[in-house]
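Understanding the architecture of this molecule
Each chain, written out:
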Amino acid sequence: MHTIELKNISKEYNGVTVLNDINLYIQENEFLTLLGPSGCGKTTTLRIIGGFEEPTKGTVLFEEKDITDIPPYKRQINTVFQKYALFPHLDVYDNIAFGLKIKKLPKSEIDSKVKEMLRLVNLQGFEKRSIDSLSGGQQQRIAIARALVNEPKVLLLDEPLGALDLKLRKDMQIELKNMQKRVGITFIYVTHDQEEALTMSDTIVVMDKGRIQQIGTPVDIYNEPKNAFVAEFIGESNIIDGIMHEDYLVEFSGQNFKCVDKGFRKGENIEVVIRPEDIEIVSVANGQLNGIVKSVTFKGVHYEMIIESKDFEWMIHSTIMKEVGTEIGMTVLPENIHIMKKVRAE
Amino acid sequence: MVSRGLKRLYTFLIFLFLYAPIIVLIVFSFNNSKSRGVWAGFTFKWYIELFKDAEILKALYYTLLVAVLSALISTVLGTFAAIGIYNMPGLSKKITLNLNYLPVLNPDIVTAVSLMALFRFFKMEFGLATMLLSHIVFCTPYVILSVLPKLKQMNKHLAEAAMDLGATPFYALRKVIIPEIMPGIITGCLMAFTLSIDDFVISFFNTGNNVSNLSIEIFSMSRRGINPVINALSTLMFVSLIILLLIINKRTEKNEIERGV
Amino acid sequence: MKMKKVAYPYILWMAIFIVIPLFLILYFAFTTGDSQNFATFQFSLDNFKRFFTPTYLKVLGRSVNLAFISTIICLILGYPLAYIISKAEPRKRNMMVLMLVIPMWMNFLLRTYAWLTLLGRNGFINFVITKIGFKPLELIYNDKAVLLGMVYNFLPFMVLPIYTVLIKIEKSLIEAAEDLGANKIEVFSKVVLPLSMPGIITGITMVFIPAVSTFVISALLGGNKYNLIGNLVEQQFRWTGDWHFGSSMSIILMIFILITMALTSKFDKEKEGGGGGLW
């Protein structure tokens, strides 16, 4: 059974289309990430699931029931808001207890649930603290606790780590993932940070211009991007025009290469995606392609080099450093050459 | 739907309540009778008589004179004060701000009589000078209160950047800080102007020597019956303010369209 | 940076025109003598003794009572209006805020006086009432007319601060409350109302202070028999010439306002610093 199903969801604001025919299934206990640049429609999708926006067209199903017209306060879904939206007039305890008090649970039950939640987010003893005395990371945890205490079937998280600094963000990524496993519910996570999406998700939904571009596991999305947008957005890529001569044979940069893709028309114009770390540096004699090193930048674990060949500038990530000006050879394994249908130029 | 209708009715009734006396005033400025309450036909005669009424014209002159002068002086005084206060250290800033709040929070009548006592103490003669001084006293705090938020919004390092580039503090003040806080200064100035033009209590206690403004004139008239000439004058002032407002509105709208907002 | 120096002229100004006048009032309040001649002043508590007699206490009581009632009415009428305005779309919202401010551009004495035309024995309202077939009502020169004048003049001072706070409430807080299961009424009572408290407090002080100290509204709409404490102060300074007694009443008025502010600031812990703290 799908926990949430979006069917033909479209959304317009004053005649501008923000979401265009979104279809999506979300499984039970899944960590699903909506990933895309700002303005791609990911937050709007989340808000439609949460009930804060009504779709112009389409239906939202929750456990196979239509909830499109149900107001947020009647949904078994809770949200961790961007910048947390903690109530400034209430202390930590009352923030977490807010939803429980509305359900009119007995005081003792509220007490124990709030305590349990504070333990879950590692903030025992913070009950009486005021919200503005907390650090960003602590506010973040309280916002999660406030949502989880209501035992929702689905937790929506709208760029929850956006306001934190890099180190804290990394720690929270792991913590969030663990939390999701522990409470065993569906997380729907919105972010524009591809690295974050790759680290945490079971499924990634890449969105752009109000459409879903690709749905898949992090490995799929990274290794087999469906189109140039996904390839560009997920990590850095070399994208070059090519021609598919026959199954498993592609030509680009004036050379024929073996590859693992098939099913294209003969002579079809396609685009080739090669990740910078998939290009190996070899001697000029052994190279499938040759080029001259234009620049070298040290990136910590690897060097990033720009190689100029006769019709293209390649980006390479390698632990071997070559001086600027040297000529080198390059090879790519067939399974690292990804062929994508050409999207008609806009 | 019902609740929307209810909201509209409520809003309408409140605004009717706020505007009823104004409508009455405007209507009766065209009434061909001195007595209020009776409608005796349409006339322009009060508007014509207005320009012959030396007493009222003199009051109008003093009202505008004091309003313009006190707005200008309190704007200059208040702007510099705000810049200074903004750069003060904690405690003296707090004390200064609290003192500055006094004329805002104190009832008008207390401010008025305390100034009256001051002028008597210095043996000043009550008249134009005392009225102007007292207006500056109660207008300046409002200027400061509208300039301070703009200073807080301003990037703290702007003035430092200017001086780093070789500007003297005075040059930085003139060319960087003041242009940056201009919206606040203008708001403060307009506020001072309207406060002064509408003031009664402070002026009433701190004038003399036959110097009076429109409010004082109206107050003394209210005992013997209001001269409809005043209605005509108020209507003119009110309408000209509305027109001024519409022009400003049109202009900002046009600017916004040009900038593509 | 030495920018703070540019405030020195104003500090001197405040010393002369704000601090000294208040000390003078204090001085007058605790002395008796010929108000026009400082040489005759002598320390005395007579002014206060005189005030704390039934005649004057009654006036104080009436002033406080009327100011209190008008503040409550302003709050009851003003909060829904502020709420409606804050919910309107931006264009309409700015229009309505402007419409609240515009009446203040017409001389407030005249506007108050115009109510006589509406409420008087031959006024518009009685005209309607008699047309329907009822007896004309006594609408002016009584407490109710003074109350109406206060509510009329000070209502915008209640609406504007509440409105300012309401539009600043982040939408996400309301969504968060809905997300956690609160229906419309619960969202209002548990989130919107507590968050608009600072605006309510400001509104209350901005209505109560001018209402308790007014002498114009009572003079215009209350007739001469309806004295408020403001009228007493006015009489002492303008007509009777007993500045000492007038000053003592001003001091009492100020103390009253300090108490009000202390009471209201108790409810308003979150109030941003910057001023008002010492008072």
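Residues numbered from 1 in each chain as written. Chains lettered and ligands numbered in written order. Predicted model: local features only at pLDDT ≥ 70, side-chain atom pairs only at ≥ 80, totals over all residues. Heavy atoms only, no water.

The subject of this paragraph is the overall build of chain C. When its secondary structure is counted, chain C shows 13 helices and two strands. Viewed in the frame of its principal axes, chain C has a C-alpha envelope of about 75 × 70 × 35 Å. Counting across all 279 residues of chain C, residues that qualify as buried make up 53%. Within chain C, contacts between residues at least 6 apart in sequence are counted, and of these 66% link residues at least 24 apart. For chain C, the exposed surface amounts to about 13100 Å²; the carbon and sulfur share of it is 67%. (Helix = DSSP H or I, 4+ residues; strand = E, 2+ residues; numbered from the N terminus. Buried < 20%, exposed > 50% of the residue type's maximum accessible area, 1.4 Å probe, protein only. Contact = heavy atoms within 4.5 Å. Areas by Shrake-Rupley, 256 points an atom, 1.4 Å probe, with all protein chains shown as cover.)

For any two helices packed against each other, one specifies the crossing angle of their axes together with the interaxial distance. Residues and elements named next belong to chain B. Look at helix α3 (residues 54–86) against helix α6 (residues 128–153): their axes get within 6 Å of each other, and the N-to-C directions meet at 40 degrees. The angle between α3 and α6 places the two elements in the oblique class. Between α3 and α6 lies a crossing of right-handed hand. Class assignment for the residues of the contact of α3 with α6 results in 21 nonpolar, seven polar and one charged. (Axes fitted to C-alpha atoms, helices over the stretch in contact; angles between N-to-C directions. Parallel < 35°, antiparallel > 145°, perpendicular 65-115°, else oblique. Left-handed = near helix turned anticlockwise from the far one by under 90°. Nonpolar A, V, L, I, M, F, W, Y, C, P; charged D, E, K, R; others polar.)

Attention now goes to helix α4 (residues 90–105) of chain B. For α4(B), with 16 residues, the first-to-last C-alpha span of 22 Å sits near the 22 Å given by 1.5 Å per residue. Taken together, the buried positions of α4(B) are occupied by T96(B), L97(B), N98(B), N100(B), L102(B) and P103(B). Packing partners of the buried residues in α4(B) comprise α3, α5 (108–121) and α6 of chain B together with α1 (8–29) of chain C. (Expected span 1.5 Å × (residues − 1).)

The pairing of strands in a sheet happens through backbone hydrogen bonds and is either parallel or antiparallel. All names here are of chain A. Spatially, β2-β1-β4-β5 is the arrangement adopted by the four strands of the open sheet, whose pairing is antiparallel. Strands at the two margins of the open sheet, each flanked by one partner only, are β2 (16–27) and β5 (65–66). Both strand β1 (residues 2–13) and β2 contribute to a ladder of eight bridges, which runs antiparallel. What sits directly across from I4, in β2, is I26. (Pairing = 2+ DSSP bridges.)

Next up on the list: the side chain of N31(B). All names here are of chain B. Position of N31 among the secondary structure elements: in the loop between α1 (2–28) and α2 (45–50). Given the relative accessible area of 0%, N31 is considered buried. Setting aside residues no more than four positions away along its own chain, N31 makes contact with V38, W39, A40, G41, T43 and W46.

The next point concerns the domain arrangement of chain A. Residue and element names in this part refer to chain A. For chain A, the assigned domains read domain 1 (2–228) and domain 2 (236–341). Its C-alpha centre places domain 1 at a distance of 39 Å from the equivalent point of domain 2. Taking both sides of the interface into account, the surface hidden between domain 1 and domain 2 amounts to around 650 Å²; carbon and sulfur atoms contribute 48%. If you look at where domain 1 meets domain 2, you find zero salt bridges. Seen at the junction of domain 1 and domain 2, the total is four residue pairs in polar contact (both at pLDDT 80 or more). A per-element tally of the side of domain 1 that touches domain 2 places helix α7 (residues 218–223) first, with three residues. (Domains from an automatic or database assignment. Buried area = accessible area lost by both parts, 1.4 Å probe. Salt bridge = Lys/Arg side-chain N within 4 Å of Asp/Glu carboxyl O. Polar contact = N/O pair within 3.5 Å; in protein donor to acceptor, adjacent residues only side chain to side chain.)

Here we come to the environment of D165(A). Residue and element names in this part refer to chain A. Along the chain, D165 falls in the loop between β7 (154–158) and α5 (166–183). Of the residues examined, D165 reaches a relative accessible area of 48% and is grouped as partly exposed. Here the alpha-carbon distance between D165 and G137, two residues 28 residues apart in the chain, equals 9.1 Å.

Residue and element names in this part refer to chain A. Judged by pairing direction, the sheet is antiparallel, and its five strands sit side by side in the order β13-β12-β11-β14-β20 without closing on themselves. A single partner strand is all that each edge strand has here, and the edge strands are β13 (255–258) and β20 (338–341). Shown here is a sheet whose adjacent strand axes are inclined to one another by a mean of 45 degrees, direction ignored. In this sheet, strand β14 (residues 268–274) lies alongside strand β11 (residues 238–246) in antiparallel orientation, the contact comprising seven bridges.

The grouping of R4(B), K7(B), R8(B), K87(C), K92(C), K171(C) and K184(C) at the surface amounts to a positive patch. In terms of residue count, the dominant contributor to the positive patch is α1(B) (three residues). Following the sequence through the fold, K7(B) ends up in helix α1. By relative accessible area, which is 40% here, K7(B) ends up partly exposed. (Patch = residues over 30% accessible without salt bridge, like charges linked within 9 Å, V, L, I, M, F, W, Y side chains within 5 Å. Lys, Arg positive; Asp, Glu negative; His and termini not counted. Charge placed at Lys NZ, Arg CZ, Asp CG, Glu CD.)

Relative to the assigned elements, K322(A) resides in the loop between β18 (313–318) and β19 (327–332). Aside from chain neighbours lying at most four places away, what touches K322(A) is I281(A), V293(A), V296(A), M305(A) and I328(A).

Our next topic: the side chain of N107(C). Within the secondary structure, N107(C) is located in the loop between α4 (90–101) and α5 (108–119). Looking at N107(C), its side chain comes within polar contact range of the main-chain nitrogen of L109(C), at 2.9 Å. In contact with N107(C), not counting residues within four places along its chain, are D198(B), S215(B) and I218(B).

Another aspect to go through is the nonpolar core. Counting residues in each nonpolar core, the largest one holds 172 residues, and the members touching the most others are L151(B), F200(B) and F205(B). Among the elements that make up this core, the one with the highest residue count is helix α7 (residues 143–168) of chain C (13 residues). Excluding residues within four positions of it along the chain, F200(B) makes contact with S215(B), I216(B), F219(B), F108(C), L109(C), F215(C) and V216(C). In this structure, Y84(A), V114(A), L123(A) and A145(A) belong to the second largest nonpolar core, which totals 37 residues. (Core = buried A, V, L, I, M, F, W, Y, C linked by side-chain atoms within 4.5 Å.)

Time to look at the interface of chain C and chain B. Frequently, the measure chosen for interface size is the accessible area that the parts lose on association. On the side of chain B, 82 residues touch chain C, which itself brings 78 residues to the contact. Between chain C and chain B, the buried area comes to about 7600 Å², and carbon and sulfur atoms account for 80% of it. Interface area lost by chain C to chain B is led by Y10(C), W105(C) and M106(C), which between them contribute 10%. Applying the counting criterion to the chain C and chain B interface returns seven residue pairs in polar contact (both at pLDDT 80 or more). In terms of residue count, the dominant contributor to the side of chain C that touches chain B is α1(C) (14 residues).

Every contact between the two is made by 20 residues of chain A and, on the other side, 18 residues of chain C. Note on chain A versus chain C: buried area summed over both sides is about 1800 Å², and carbon and sulfur give 64% of it. In terms of surface lost to chain C, no three residues of chain A exceed Y73(A), H89(A) and I102(A), which account for 35% of the buried area on that side. Joining chain A to chain C, the criterion identifies one salt bridge. Among the salt bridges present, the one from E175(C) reaches R47(A), with a minimum N-O distance of 2.5 Å. Across the chain A-chain C interface, the total number found is five residue pairs in polar contact (both at pLDDT 80 or more). Elements that contribute at least two residues to the side of chain A that touches chain C include exactly β6 (77–80), α2 (92–102) and α4 (136–148) of chain A. Taken together, the residues of the side of chain A that touches chain C break down into twelve nonpolar, five polar and three charged.

Another point: the arrangement of the chains. By contact count, the leading pair among the two pairs of chains in contact is chains B and C. There is a clear gap between chain A and chain B: no contact, and 16 Å between their nearest C-alpha atoms.

It is worth spelling out the packing of aromatic side chains at this point. In the structure shown here, the tally under the stated rule is 41 aromatic pairs over all chains. Consider the rings of Y61(B) and Y62(B), whose centres lie 5.4 Å apart with planes at 55 degrees: the pair is tilted. Under the relative-accessibility criterion, Y61(B) is labelled partly exposed at 49%. Pairing F30(C) with F43(C) gives two aromatic rings, centres 6.5 Å apart and planes at 5 degrees, and the pair type is stacked. (Phe/Tyr/Trp six-rings, centres within 6.5 Å; stacked < 30°, edge-to-face > 60°.)

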